[in-house]
Amino acid sequence: MEKYGYRFSFGPWNIHEGADPFGPTVRPSRTFDDKLAEYKKLGFDAVQFHDDDAVPSLDDLSPAQIRKAARAVRKKLDDNGLLAEFVAPRLWEHPKTIDGAYTSNNPQDRAYALDRSKKAVDIAQELGADLMVLWLAREGTYLREAKDVVRATEQLLEAINTLLDYDPKLRIAIEPKPNEPMDLAYIPTMGHALALGFQANDPSRVGVLMESAHSILAGLDPSDEIGFAMAFGKLWSVHLNDQNGPKFDQDRSFASVDLRRAFNQARVLDENRFWEVGIVGLDVKAIRTQPAELATRHLSNSLRMFLRLVELVRSLDKKAMEELVAARDYEELDWLILNHLMGRS
Ligand code: XUL
Ligand code: MN
């Protein structure tokens, strides 16, 4: 398969058991090793990790034990010819993160969040990844009056600065999301994430990860969010997927809901040479109805769809487009794009 220089990644959570808030699992769990063996078969190059995807139960382990366990995972990656793209601290499951992590109202809980994040940095070092992704899951409120938004913003900045100081080589990519699990998140969009990064002690080491579903939940266009971040050289990773309207986060296969919206994401990424900058992450989940033995199709289909869209981007009649833009004939430009997407001339 021609990959046009692109590399692809997903996380172990993207092969999942199909539980939702209203029903139990519908597919058996697969071990980490079993999932790892799928990556190359499905055409992928790299693994995205939560800290405990790499080192389960890390809260019960010493820093030395954590590093040792992470080194064993590195060996497995090497054996499978895979890279680690990033490590993300899972700051939303432990009881100490109920009221938020870096922005919890409880100082001991905030200390836990920082300590846990430092352990995630240790794991990243052992896995050979210089990137940490921060999805700020519980940094927000269910009740606006429960927290001070100015103080919370400062706390987020302090946490980022602490991590940048902890490892001078570490880069951090903030993954914004407007809601879920919180009612209202403090860092809902690319603009918020970038503003926070530019204010950090070393802004050159803070960038963003754009997830399509999160942008759509925020009522924004994912390709514009991509382009905005790329204009500043700050788009370091993506979670491409799709989303059927502004409801719960669906993580549908890339392009499965809105082909043109997906085409434009591929277009902005490709026109700005994303393959030279980062890895294309696919944060997609198989729908609940999918039989267990077929529950990796969403990954290979998303990857192949991205590459097909890149081919469509590269085969656009640029000259005809320029002429239509010059004539301000956007109706005909619309017709050209729609026909191109349908394989018609
Ligand atoms: C949550 C989400 C997470 C992050 C990784 O909506 O997208 O999978 O991408 O922590
Ligand atoms: Mn994501």
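Residues numbered from 1 in each chain as written. Chains lettered and ligands numbered in written order. Predicted model: local features only at pLDDT ≥ 70, side-chain atom pairs only at ≥ 80, totals over all residues. Heavy atoms only, no water.

1. Some remarks on the overall build of the chain
Logical step 1: Counting its regular elements, the chain contains 12 helices and 10 strands.
Logical step 2: Principal axes of the C-alpha set define a box for the chain whose edges measure 60 × 45 × 40 Å.
Logical step 3: The buried share among the 345 residues of the chain stands at 53%.
Logical step 4: For the chain, the exposed surface amounts to about 15800 Å²; the carbon and sulfur share of it is 52%. (Helix = DSSP H or I, 4+ residues; strand = E, 2+ residues; numbered from the N terminus. Buried < 20%, exposed > 50% of the residue type's maximum accessible area, 1.4 Å probe, protein only. Areas by Shrake-Rupley, 256 points an atom, 1.4 Å probe, with all protein chains shown as cover.)

2. Structural notes on the coordination of the manganese ion (ligand 2)
Logical step 1: The protein atoms that coordinate the manganese ion (ligand 2) are Glu-175 (OE), Glu-211 (OE), His-239 (ND1) and Asp-283 (OD), at distances spanning 2.0 to 2.3 Å.
Logical step 2: Viewed at the metal, the 6 donor atoms of the manganese ion (ligand 2) are separated by angles of 81 to 173°, and the geometry they form is octahedral. (Donors = N, O, S within 2.8 Å, 3.2 Å for Na, K, Ca; no water. Tetrahedral: all angles 85-135°; square planar, octahedral: opposite > 155°, others 65-115°.)

3. With respect to the site of ligand 1
Logical step 1: Surrounding ligand 1, one finds Trp-13, His-50, Trp-92, Trp-135, Glu-175, Lys-177, Glu-211, His-214, His-239, Asp-249 and Asp-283.
Logical step 2: The side chain of His-50 places a nitrogen or oxygen atom 2.8 Å from an oxygen atom of ligand 1.
Logical step 3: At a separation of 2.9 Å, an oxygen atom of ligand 1 approaches a polar side-chain atom of Glu-211.
Logical step 4: In isolation ligand 1 offers 290 Å² of accessible surface; the protein chains occlude 93% of this area.
Logical step 5: When grouped by side-chain class, the residues that make up the shell around ligand 1 number 3 nonpolar, 3 polar and 5 charged. (Near = heavy atom within 4 Å. Polar contact = N/O pair within 3.5 Å; in protein donor to acceptor, adjacent residues only side chain to side chain. Nonpolar A, V, L, I, M, F, W, Y, C, P; charged D, E, K, R; others polar.)

4. Details of the environment of Ile-98
Logical step 1: For Ile-98, the location among the structural elements is in the loop between strand 3 (83-88) and helix 4 (107-127).
Logical step 2: Sequence separation between Ile-98 and Gln-199 is 101 residues, and the spatial gap between their C-alpha atoms is 27 Å.

5. What to know about unusual backbone geometry
Logical step 1: Here the residue pair Glu-180 and Pro-181 is connected by a cis peptide bond, since its omega of 10° sits within 30 degrees of zero.
Logical step 2: Its place among the elements puts Pro-181 in the loop between strand 6 (171-175) and strand 7 (184-185).
Logical step 3: The backbone of Ser-57 shows a phi angle near 55°, a positive value even though the residue is not glycine.
Logical step 4: Its location among the elements puts Ser-57 in the loop between helix 2 (51-54) and helix 3 (63-79).
Logical step 5: The backbone of Arg-273 shows a phi angle near 55°, a positive value even though the residue is not glycine.
Logical step 6: Examined against the element boundaries, Arg-273 turns out to sit in the loop between helix 9 (259-271) and strand 10 (279-282).

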